[in-house]
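Structural features, examined
Single-letter residue listing:
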Amino acid sequence: MPGRLVRRISVVEGDITEQNVDAIVNAANRTLLGGGGVDGAIHRAAGPELLDECRTLGGCDTGEAKITRGYRLPARFIIHTVGPVWRGGQHGEDELLASCYREALALAESHDLKTIAFPAISTGAYGFPLPRATVIAVRTVLDYLSRSPEIDRVVFVCHGDRAFNLYHDAVMELAPEYAGEEPPDSSASEEPGSADQADDLKEQVRAQLHIIESVHGVRMVNREKLVGEISRHARDRRSVSLITAAINTWIAVNGITGETEIPGDELDRILTRIRD
Ligand code: ADP
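Residues numbered from 1 in each chain as written. Predicted model: local features only at pLDDT ≥ 70, side-chain atom pairs only at ≥ 80, totals over all residues. Heavy atoms only, no water.

1. Here's the deal with the pattern of salt bridges
If you walk through the whole model with that rule in mind, you get 14 salt bridges. Ionic pairing is found between Arg-102 and Glu-95, a salt bridge with its closest N-O pair at 2.7 Å. With a shortest N-O distance of 2.8 Å, Glu-266 and Arg-269 are connected by a salt bridge. Within this pair, Glu-266 and its partner Arg-269 are both found in helix H9 (residues 264–275), separated by 3 residues, close to a single helical turn. (Salt bridge = Lys/Arg side-chain N within 4 Å of Asp/Glu carboxyl O. Helix = DSSP H or I, 4+ residues; strand = E, 2+ residues; numbered from the N terminus.)

Set out below in structure tokens:
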């Protein structure tokens, strides 16, 4: 269902302990007895009762997940998962990291929890390269949500601008695939400029603008007009991506939220720049 999936994903910058969701995910270590980074922040915010409950759990294996109450957090539950330590990428790190996201979502689902916030598991003390971890996180969550209607919303909580931008770009890049909006095979015998291709570009523009709206919490009041103008000017799917990425940057740089109208002169500047 085009566009549907991305409405169930948010990317925010901030502190995971402050998230108002059913469960937050902790990037814990195998002892589950607390540590630094996000684990330390969660234990501090939840209070000492959390450690008491964690002591009863008997630790947790890498790639698996266990649940506790949230105590003093706004979140009712904490799902503790243990990410892999980065050892160069040849030791099953990718699969173990994906498993953390899948197991946490499955545990949330089995407890009937509807909203869940994730930190960037393994990307701090455990040294997993952030860009690679981001793609795994976003892909695994999209994949899970596309198969399960039970979870309403997943929030990626990013610590800092760099993480926010990486997550945002990964959602933009990957969500259309899961919404059945994969680019058609470029070897297909489509005549350039055919009616089918024009419709396809329009759909792509619409989907990309929708993702931008979801990620930034904006509503473009002139969205259909933009769809028309961009799809008329764009030569191919790549130029659609370049144009919508420029609109995305303009919204991010200007800190726009809520209802907005992308100004005509700004759009003209973007279209001219991409054409040249
Ligand atoms: P790991 O040991 O799994 O690498 P870390 O806690 O060291 O876990 O780091 C995981 C990620 O969590 C890092 O990207 C770090 O920037 C981020 N992080 C640290 N504190 C917070 C917080 N309070 N809220 C959200 N993310 C956080």
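On we go.
2. A look at the domain arrangement of the chain
Each domain of the chain was delimited in the assignment, giving domain 1 (3–179) and domain 2 (195–275). Here the C-alpha centre of domain 2 lies 31 Å away from the C-alpha centre of domain 1. Counting from both sides, the interface comprises 9 residues of domain 1 and, opposite them, 8 residues of domain 2. In this assembly, domain 1 packs against domain 2 so that about 820 Å² is buried in total across both faces, 72% of it on carbon and sulfur atoms. Of all residues in domain 1, the largest losses of buried area upon contact with domain 2 belong to Val-6, His-168 and Met-172, amounting jointly to 57% of the total for that side. Between domain 1 and domain 2 we count 0 salt bridges in total. Across the contact surface, domain 1 and domain 2 share 2 residue pairs in polar contact (both at pLDDT 80 or more). Of all the elements, helix H5 (residues 161–178) adds the most residues to the side of domain 1 that touches domain 2, at 5 residues. Class assignment for the residues of the side of domain 1 that touches domain 2 results in 6 nonpolar, 2 polar and 1 charged. (Domains from an automatic or database assignment. Contact = heavy atoms within 4.5 Å. Buried area = accessible area lost by both parts, 1.4 Å probe. Polar contact = N/O pair within 3.5 Å; in protein donor to acceptor, adjacent residues only side chain to side chain. Nonpolar A, V, L, I, M, F, W, Y, C, P; charged D, E, K, R; others polar.)

3. Details of the site of the ligand
As a structural note, the neighbourhood of the ligand is formed by 14 residues, with Val-38, Ser-122, Thr-123, Gly-124 and Ala-125 the closest of them. Within the side chain of Thr-123, one N or O atom sits 2.6 Å away from an oxygen atom of the ligand. Taking Tyr-126, its main chain carries an N or O atom lying 3.0 Å from an oxygen atom of the ligand. When the ligand is considered free in solution it has 570 Å² of accessible area, and contact with the protein chains removes 86% of it. For the shell around the ligand, the element with the highest residue contribution is helix H1 (residues 37–46), accounting for 3 residues. The class makeup of the residues in the shell around the ligand is 7 nonpolar, 6 polar and 1 charged. (Near = heavy atom within 4 Å. Areas by Shrake-Rupley, 256 points an atom, 1.4 Å probe, with all protein chains shown as cover.)

4. Looking at the nonpolar core
One broad rule of soluble globular proteins: the nonpolar side chains tend to lie buried together. If you look at the biggest cluster of nonpolar residues, it comprises 68 residues, and the most contacted ones within it are Ile-79, Phe-118, Phe-156 and Ile-247. Examining the composition of this core, we find that 9 residues originate from one element, helix H4 (residues 130–147), more than from any other. Two domains share this core, each providing at least three of its residues, namely domain 1 (3–179) and domain 2 (195–275). Other than its neighbours up to four places away in sequence, Ile-247 contacts Leu-209, Ile-212, Met-220, Ile-230, Ile-262, Leu-267 and Ile-270. Of all hydrophobic cores here, the second largest spans 13 residues; its members include Val-21, Cys-54, Ala-75 and Val-157. (Core = buried A, V, L, I, M, F, W, Y, C linked by side-chain atoms within 4.5 Å. Buried < 20%, exposed > 50% of the residue type's maximum accessible area, 1.4 Å probe, protein only.)

5. Some points on the sheet that holds strand E3 (residues 65–69)
On the basis of which strands lie adjacent, the open sheet formed by 6 strands has the order E1-E6-E5-E2-E4-E3 and mixed pairing. Edge positions in the sheet fall to strand E1 (9–13) and E3, since each of these pairs with one other strand and no more. Each strand of the sheet is rotated relative to its neighbour by a mean of 25°, with strand direction disregarded. Across 4 bridges, the pairing between strand E5 (residues 115–118) and strand E6 (residues 153–158) is parallel. Opposite Phe-118, over in E6, you have Phe-156 as the bridge partner. Of the strands in this sheet, E1 and E6 touch H5, which is tilted by about 165° from E1. (Pairing = 2+ DSSP bridges. Axes fitted to C-alpha atoms, helices over the stretch in contact; angles between N-to-C directions.)

6. Remarks on the packing of H5 against helix H6 (residues 195–216)
Where H5 meets H6, the axes come as close as 10 Å, and the angle between the chain directions of the two elements is 140°. Handedness of the H5/H6 crossing: right-handed. Residues His-168, Val-171, Met-172, Ala-175 and Pro-176 of H5 pack against Gln-208, Ile-211, Ile-212, Val-215 and His-216 of H6. Across the contact of H5 with H6, the residue classes break down as 7 nonpolar, 3 polar and no charged. (Left-handed = near helix turned anticlockwise from the far one by under 90°.)

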